[in-house]
Amino acid sequence: MKLLPVTEDLYSYLVGVTVKDHPALAALREETSAMPAGGMQIAAEQGQFMQLLVHLLQARHYLEVGCFTGYSSLVMAMALPANGHVTTCDVSREWTDVARRHWQSAGVADKITLKLGPAVDSLRQMLADGRADSFDIAFIDADKDNYPTYYDLCFELVRPGGLILIDNTLWGGQVADPTVTDADTEGIRIVNQRAFEDDRVDSCLLPLSDGLHVCHKRR
């Protein structure tokens, strides 16, 4: 086994030498963590890693499937250059109203477009509007049973040389348990296997937080 067990002390150390926090991000994390569904929010160190990818790719256009309360959107909007833009999709007005409030207070609301409605419809409409190959990074973090469809659509929307990031791809370890066969777990298994076998991408499944599958669309 090459995976180091992460104790609370080690995790605190990791965060302490990784996360360069911002008051706007801390405030959103705190509010979201108190919500019943607060566990869906990405970890601060994952947000830091995603910001690093923005800088490495010199990204300007970021696409997100699953906004929740807007933490990942806020993280990426803050990392993008002044002419960068976030497009995020979600079905919940309740959750995204929290997101809008924090985007506004952080001063990045003008860099974010929210598409409220089923993400499959929003992604297909973007393709119909000529947005193929126009995004530098796509992040998939929504209903897991639709992950394979989101992957296929995001592949078309991301430019050659860009990235598709798929969240929760270790799914609390359930993906490795053959007795777990619910639709969400199966959706994650399918997308992990699809990315692994897709010769159009280079991919790596990282044990970051609940699993982050990083897929690079070959040029």
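One structure accompanies this document, and this report is about it.

Conventions we followed
- Residues numbered from 1 in each chain as written.
- Predicted model: local features only at pLDDT ≥ 70, side-chain atom pairs only at ≥ 80, totals over all residues.
- Heavy atoms only, no water.
- Helix = DSSP H or I, 4+ residues; strand = E, 2+ residues; numbered from the N terminus.
- Buried < 20%, exposed > 50% of the residue type's maximum accessible area, 1.4 Å probe, protein only.
- Contact = heavy atoms within 4.5 Å.
- Lys, Arg positive; Asp, Glu negative; His and termini not counted.
- Charge placed at Lys NZ, Arg CZ, Asp CG, Glu CD.
- Polar contact = N/O pair within 3.5 Å; in protein donor to acceptor, adjacent residues only side chain to side chain.
- Expected span 1.5 Å × (residues − 1).
- 1 Å grid on protein atoms, 1.4 Å probe; cavity = no way out; pocket = protein on both sides within 12 Å on 5 of 7 lines; lining within 4 Å.
- Points joined across faces, edges and corners; volume = space filled by probe spheres on them.
- Nonpolar A, V, L, I, M, F, W, Y, C, P; charged D, E, K, R; others polar.
- Pairing = 2+ DSSP bridges.
- Right-handed = clockwise from strand over helix to strand, strands pointing away.
- Salt bridge = Lys/Arg side-chain N within 4 Å of Asp/Glu carboxyl O.
- Core = buried A, V, L, I, M, F, W, Y, C linked by side-chain atoms within 4.5 Å.

### Points about the overall build of the chain
- On a plain count of helices and strands, the chain comes out with eight helices and seven strands.
- Projected onto the principal axes, the alpha-carbon positions of the chain cover approximately 45 × 45 × 35 Å.
- Among the 219 residues that make up the chain, the fraction classed as buried is 49%.
- Sequence-distant contacts in the chain: of pairs separated by 6 or more residues, those separated by 24 or more amount to 70%.
- Distance between charge centres in the chain, computed from 19 positive and 30 negative side chains, equals 8 Å.

### Let's talk about the environment of D210
- For D210, the location among the structural elements is in the loop between β6 (201-206) and β7 (212-217).
- For the pair D210 and G173, spaced 37 residues apart in sequence, the C-alpha to C-alpha distance is 8.4 Å.
- Reaching out from D210, the side chain makes a polar contact with the side chain of N168 at a distance of 3.0 Å.
- Polar side-chain contacts of D210 include one of 3.4 Å to the backbone nitrogen of W171.

### Looking at helix α8 (residues 183-197)
- Relative to the 21 Å expected for 15 residues at 1.5 Å per residue, α8 spans 21 Å between its end C-alpha atoms, a close match to the ideal helical length.
- In this structure, the buried residues of α8 make contact with α7 (147-157), β5 (158-167), β6 and β7.

### Regarding empty space enclosed by the protein
- In the structure shown here, the tally under the stated rule is one cavity of 30 Å³ or more.
- By volume, the largest cavity amounts to about 60 Å³.
- Forming the walls of the largest cavity are V19, K20, D21, L25, A44, G47, Q48, Q51, Y71 and V75.
- When residues of the lining of the largest cavity are assigned to their parent elements, the largest contribution, four residues, is made by helix α3 (residues 44-57).
- Its residues assigned to classes, the lining of the largest cavity comprises five nonpolar, three polar and two charged.

### Quick word on the pairing of β6
- In terms of strand pairing, β6 meets β7 through six bridges, oriented antiparallel. Looking across to β7, one finds that S203 is bridged to C215.
- The turn joining β6 and β7, which pair antiparallel and follow one another in sequence, is formed by five residues; a positive phi near 55 degrees is taken by S209.

### Some details on the pairing of β5
- Across the 10 residues that make up β5, a large majority, nine, are buried.
- Across five bridges, strand β4 (residues 135-140) lies against β5 in parallel orientation. Within β5, the residue paired with I137 across the bridge is L163.
- Taken together, β4, α7 and β5 form a β-α-β motif whose crossover is right-handed.
- Inspection of the sheet shows β5 paired to β7 by five bridges, in the antiparallel sense.

### Remarks on the pattern of salt bridges
- Here the structure, examined in full by the defined rule, presents nine salt bridges.
- Between K217 and D133 there is a salt bridge, with the nearest N and O atoms lying 3.0 Å from each other. Taken together, the positions of K217 in strand β7 and D133 in the loop between α6 (119-128) and β4 put the pair 84 residues apart, joining distant regions of the chain.
- The class for K217 is buried, based on a relative accessible area of 7%.
- R189 is paired through a salt bridge with E186; the nearest N and O atoms lie 3.0 Å apart. On the criterion of helical spacing, the pair formed by R189 and E186 is a turn pair, its members being three residues apart in helix α8.

### What to know about the nonpolar core
- Ranked by internal contacts, the top residues of the largest apolar core, which has 34 residues, are Y62, M76, W103, I137 and L165.
- Elements with a minimum of two residues in this core: α2 (23-33), α3, α4 (71-79), α5 (93-106), β3 (112-116), β4, β5 and β7.
- The biggest single contributor to this core is α4, with six residues.
- Every residue in contact with M76, bar those within four places of it in the chain, is listed here: M50, Q51, V54, Y62, V86 and I137.
- Counting residues in hydrophobic clusters, the runner-up holds 26 residues, among them V65, A119, L153 and L157.

Any functional reading would require information beyond the geometric quantities listed.
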